[in-house]
Amino acid sequence: MRKTTPALAVPLALLLAAGLAACGNQVPVSAPTTASSSAAAQAEPETGSVMNLQIGDCFNYDDSGSTVSKVDFVSCDAPHMYEVYNNSDIDDSVYSSVPTGDALDEEIQKACFSAFESYVGIPYPDSIYDVQSLQPTVGSWAGGDRTINCLITSADGTELVGSVRGSNQ
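Residues numbered from 1 in each chain as written. Predicted model: local features only at pLDDT ≥ 70, side-chain atom pairs only at ≥ 80, totals over all residues. Heavy atoms only, no water.

### Section: the state of the cysteines
The full count for this structure, using the stated rule, is 2 disulfides. Between C58 and C76 runs a disulfide, and the two sulfur atoms are separated by 1.8 Å. Across the S-S bond of C58 and C76 the torsion is about 90°, and the bridge reads as right-handed. Placement of the pair is C58 in strand 3 (residues 58-60) and C76 in the loop between strand 5 (70-74) and strand 6 (82-89), with a sequence separation of 18 residues. With respect to class, C58 is no different from C76; both count as buried. (Disulfide = S-S within 2.5 Å. Helix = DSSP H or I, 4+ residues; strand = E, 2+ residues; numbered from the N terminus. Buried < 20%, exposed > 50% of the residue type's maximum accessible area, 1.4 Å probe, protein only.)

### Structural notes on the pairing of strand 7 (residues 129-136)
Counting buried positions along strand 7 gives 8 out of 8 residues, so the element sits mostly inside the fold. Note that strand 7 and strand 8 (residues 147-154) share 6 bridges and pair antiparallel. If you follow D130 over to strand 8, its bridge partner there is T153. (Pairing = 2+ DSSP bridges.)

### Some remarks on the environment of Q169
Structurally, Q169 can be placed in the segment after strand 8. Note: C-alpha distance between Q169 and G121 (48 residues apart in sequence) is 7.6 Å. Leaving out residues up to four positions away in the same chain, Q169 has contacts with V120, I122, S127, I128 and Y129. (Contact = heavy atoms within 4.5 Å.)

### Regarding helix 2 (residues 101-120)
Between its first and last C-alpha atoms helix 2 spans 27 Å; for 20 residues at 1.5 Å apiece the expected length is 28 Å, and the two agree. Along helix 2, the sharpest kink reaches roughly 30°, centred on Q109. Those residues of helix 2 that fall on the buried side of the exposure criterion are L104, E107, I108, Q109, A111, C112, F113, S114, A115, F116, Y119 and V120. Looking at the residues trailing helix 2, positive phi occurs at G121, about 110°. (Expected span 1.5 Å × (residues − 1). Bend = angle between axes of the 7 residues up to and from the residue.)

### Let's talk about the side chain of S140
As for its placement among the helices and strands, S140 is situated in helix 3 (residues 138-142). Looking at S140, its side chain comes within polar contact range of the main-chain nitrogen of T137, at 2.9 Å. (Polar contact = N/O pair within 3.5 Å; in protein donor to acceptor, adjacent residues only side chain to side chain.)

### Here we look at the pairing of strand 5
As paired strands, strand 2 (residues 46-49) and strand 5 are joined by 4 bridges and run antiparallel to one another. Bridge pairing in strand 5 links S49 to K70. Pairing geometry for strand 3 and strand 5, over 3 bridges, is antiparallel. Bridging from a neighbouring strand, N60 pairs with D72 of strand 5.

### Quick look at the pattern of salt bridges
Evaluated as defined, the whole model comprises 2 salt bridges. A salt bridge links D92 to R146; the nearest nitrogen and oxygen atoms lie 3.3 Å apart. One end of the pair, D92, is in the loop between strand 6 and helix 2; the other, R146, is in the loop between helix 3 and strand 8, and 54 residues separate them in sequence. Judged by relative accessible area, D92 falls into the partly exposed class, the value being 44%. According to the relative accessible area criterion, R146 is buried, its value standing at 17%. (Salt bridge = Lys/Arg side-chain N within 4 Å of Asp/Glu carboxyl O.)

### Observations regarding the packing of aromatic side chains
Two measures describe an aromatic ring pair: the distance that separates the ring centres and the angle between the ring planes. As enumerated under the stated definition, the model contains 6 aromatic pairs in all. With centroids separated by 6.0 Å and ring planes inclined at 25°, the aromatic side chains of F59 and Y61 adopt a geometry described as stacked. Judged by relative accessible area, which is 0%, F59 ranks as buried. Between Y85 and F116, the aromatic rings sit 5.6 Å apart at their centres with planes inclined by 85°, giving edge-to-face as the arrangement. Here Y85, found in strand 6, pairs with F116, found in helix 2; they are 31 residues apart in sequence, far enough to count as distant. The exposure classification of Y85 matches that of F116, with both residues buried. Among the aromatic residues, ring-to-ring pairing joins Y85, F116, Y119 and Y124 into one connected group. For R146, the ring lying beneath its charged end belongs to W141, and the centroid distance is 3.8 Å. (Phe/Tyr/Trp six-rings, centres within 6.5 Å; stacked < 30°, edge-to-face > 60°. Lys NZ or Arg CZ within 6 Å of the ring centre and 35° of its normal.)

Okay, structure coming up:
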């Protein structure tokens with residue numbers, strides 16, 4: 001299972017990071033891969049594990065709870081709520097258990113801030129999109145999960161149609 005980050009926490013962390021970036025502190029960027037799961041390429045949704053999310057995957061999930069274990073992979077050409085734009089692993093040599101609070105916010109910022117511009121083509125504060133993330137829970141951490149998935153969604157809650165990669169919006 002993965003825990004979702006409230007939509008306001010990530011934008012706040014990203015805006016704080018923008019100030020740091022302006023001061024010359026650069027956050028390393030993971031280069032997006034061009035591979036997407038075969039499930040995402042299919043026209044009909046295919047339910048799969050959140051642990052299988054890859055950069056470029058488009059999907060939907062039931063966001064009524066605080067944890068997510070399954071998602072419905074869809075083609076990015078079909079209406080969807082989320083697109084993965086970066087995956088980043090938390091350094092478990094720094095954390096003996098899943099980070100929480102400010103430490104988790106810092107890890108999300110490192111994983112998602114610079115990668116947004118690389119994927120979309122413009123900085124997050126200038127974009128029409130919103131950012132969310134999925135990150136390990138205590139239970140999934142115990143099972144070896146260290147991945148933060150950075151997700152793009154619409155700022156107004158409407159479905160996306162088409163990939164946002166390189167959209168410059």
